[in-house]
Amino acid sequence: MAASSSGIRWLQVYFSALLVFGSSDVQGFVPCNARVGQSSIYCVCNSTYCDTIEPYTRGNKGLYVLYQSSQAGHRLTKNTSKFSQTRNNSGDVPVFTVDRNSTYQTIIGFGGAFTDSAGINILNLSAKAQENLLRAYYSTDGLEYSTGRIPMASCDFSTHIYSYDDHPEDFNLTNFSLAMEDIKFKIPLIQRAQNMSQKKIKLFATPWSAPAWMKTNKNMTGNGSLIGQPGGKYYKTWAMYFIRFLQEYAKKNISMWGITAQNEPADGNLYHFQFQAMGWTAETQRDFIAKDLGPLLHKYGYGNLKLMILDDDRIFFTNMAKNGVFLC
């Protein structure tokens with residue numbers, strides 16, 4: 001490794017990999033039991049065997065740890081080696097430049113979604129296989145997922161369409177209640193993941209659609225948006241729907257780190273969109289947050305919750321920014 005006055009470090013990397021500084025001599029990890037799939041290998045995880053990831057700990061200076069995954073069969077295979085003292089300019093190997101003086105976005109974490117379909121499939125496994133699978137994601141033996149997304153009511157990973165209040169004109173949400181899917185599939189697995197994680201999992205909730213009676217097309221799928229305008233009774237009821245969700249999950253000792261205002265807000269603007277969706281423009285999402293959702297979050301003690309917008313493809317980012325969503 002050659003150092004310059006600018007603090008740039010040259011690293012010679014021979015594989016596609018995740019690089020971290022330090023070394024580890026921790027033993028006892030379980031290697032991948034490889035099976036051949038259609039285009040690559042996969043690791044077996046069942047009731048009697050499940051691979052683990054050899055953990056990383058900081059060690060001696062001058063060494064690096066490489067975790068390698070590849071189509072050929074490596075699955076976070078760990079190797080420790082020394083930095084070279086000279087830079088290789090032959091072009092035979094890729095060279096990665098790490099400039100410690102230049103930083104960009106902070107990575108909040110990595111994770112997955114607690115959907116109905118995920119819960120159904122996990123709970124169809126034997127008790128021991130369930131435990132091994134969850135540990136592979138959330139424990140120190142595995143990936144240590146640190147974030148989790150929770151759909152508010154049904155989504156495209158549900159077996160049927162449902163909301164938390166399917167009673168028309170219930171503007172007070174008197175009939176609001178969590179669904180069977182929350183009680184049976186989502187909440188128990190979230191609690192188990194939390195119990196086996198050494199870190200607090202950053203959970204955030206996302207709605208796919210309001211109840212059909214709140215929408216212009218009277219359907220949780222297809223081309224439709226909330227009835228009326230931000231500040232109106234449908235928008236205020238929808239904002240309260242968020243609050244009720246947060247309160248009901250809190251009763252199960254599950255607190256949210258954040259929420260997103262809408263899953264893929266462009267979907268509900270598409271004709272005959274096939275699964276649960278609700279259309280928003282940059283302006284309506286901005287005004288809904290400013291007039292309805294934001295004030296209620298503060299009123300009910302959720303002012304520190306992370307509120308995320310867009311939650312869609314990057315092609316919509318510029319439009320969202322130009323129309324003031326980030327300034328509300």
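Criteria and cut-off values
- Residues numbered from 1 in each chain as written.
- Predicted model: local features only at pLDDT ≥ 70, side-chain atom pairs only at ≥ 80, totals over all residues.
- Heavy atoms only, no water.
- Pairing = 2+ DSSP bridges.
- Helix = DSSP H or I, 4+ residues; strand = E, 2+ residues; numbered from the N terminus.
- Axes fitted to C-alpha atoms, helices over the stretch in contact; angles between N-to-C directions.
- Contact = heavy atoms within 4.5 Å.
- Parallel < 35°, antiparallel > 145°, perpendicular 65-115°, else oblique.
- Left-handed = near helix turned anticlockwise from the far one by under 90°.
- Nonpolar A, V, L, I, M, F, W, Y, C, P; charged D, E, K, R; others polar.
- pLDDT = per-residue confidence, 0-100.
- Buried < 20%, exposed > 50% of the residue type's maximum accessible area, 1.4 Å probe, protein only.
- Disulfide = S-S within 2.5 Å.

**A look at the sheet that holds strand β10 (residues 202-207)**
Strand pairing in a sheet takes place through backbone hydrogen bonds and is either antiparallel or parallel in direction. The strand order β8-β9-β10-β11-β12 describes an open sheet built from 5 strands, whose pairing is parallel. Every interior strand has two partners, whereas the edge strands, β8 (111-113) and β12 (306-308), have only one. Recorded for the sheet is a direction-independent mean angle of 20 degrees between the axes of neighbouring strands. Direction of pairing for β10 relative to strand β11 (residues 258-260): parallel, over a ladder of 2 bridges. Of the residues in β11, the one forming a bridge with Phe204 is Gly258. Against the sheet, helix α4 (residues 233-250) engages β9 (147-152), β10 and β11, with an angle of about 125 degrees to β9.

**Description of the packing of helix α2 (residues 127-138) against helix α3 (residues 180-196)**
Two elements in contact, α2 and α3, have axes separated by 10 Å at closest approach and are oriented at 60 degrees. With respect to each other, α2 and α3 are oriented oblique. Between α2 and α3 the crossing geometry is right-handed. Touching Gln130, Glu131, Leu134, Arg135 and Tyr138 of α2 are Leu189, Arg192, Ala193 and Met196, all from α3. Taken together, the residues of the contact of α2 with α3 break down into 5 nonpolar, 1 polar and 3 charged.

**Re the confidence of the model for the protein chain**
The share of residues in the protein chain with pLDDT of 70 or more is 89%, and the mean pLDDT across the chain is 87. Note on residues 1-26: pLDDT under 50 across the span, and 93 contacts to partners over four residues away in sequence or across chains.

**Here we look at unusual backbone geometry**
It is generally the case that most residues other than glycine have a negative phi and that most peptide bonds are trans. The backbone of Ala153 sits at a positive phi, close to 75 degrees, despite the residue not being glycine. Looking at where Ala153 falls in the secondary structure, it is placed in the loop between β9 and α3. A positive phi angle, close to 70 degrees, is found at Leu310, a residue other than glycine. The topology assignment puts Leu310 in the loop between β12 and α6 (317-322). Judged by its relative accessible area of 8%, Leu310 is buried.

**Side note on the state of the cysteines**
Within this structure, the stated rule accounts for 2 disulfides. Covalent S-S linkage joins Cys32 and Cys43, the inter-sulfur distance amounting to 2.1 Å. Residues Cys32 and Cys43 share a disulfide whose torsion about the S-S bond is about -110 degrees; that sign makes it left-handed. Of this pair, Cys32 sits in the loop between β2 (17-21) and β3 (34-36) while Cys43 sits in strand β4 (residues 41-43); the two residues are 11 residues apart in sequence, bridging distant segments of the chain.

**Some remarks on the environment of Asn323**
In this structure, Asn323 sits in the segment after α6. Here the alpha-carbon distance between Asn323 and Thr284, two residues 39 residues apart in the chain, equals 10.0 Å. Those residues in contact with Asn323, other than ones at most four positions away along the chain, are Ala282, Glu283 and Arg286.

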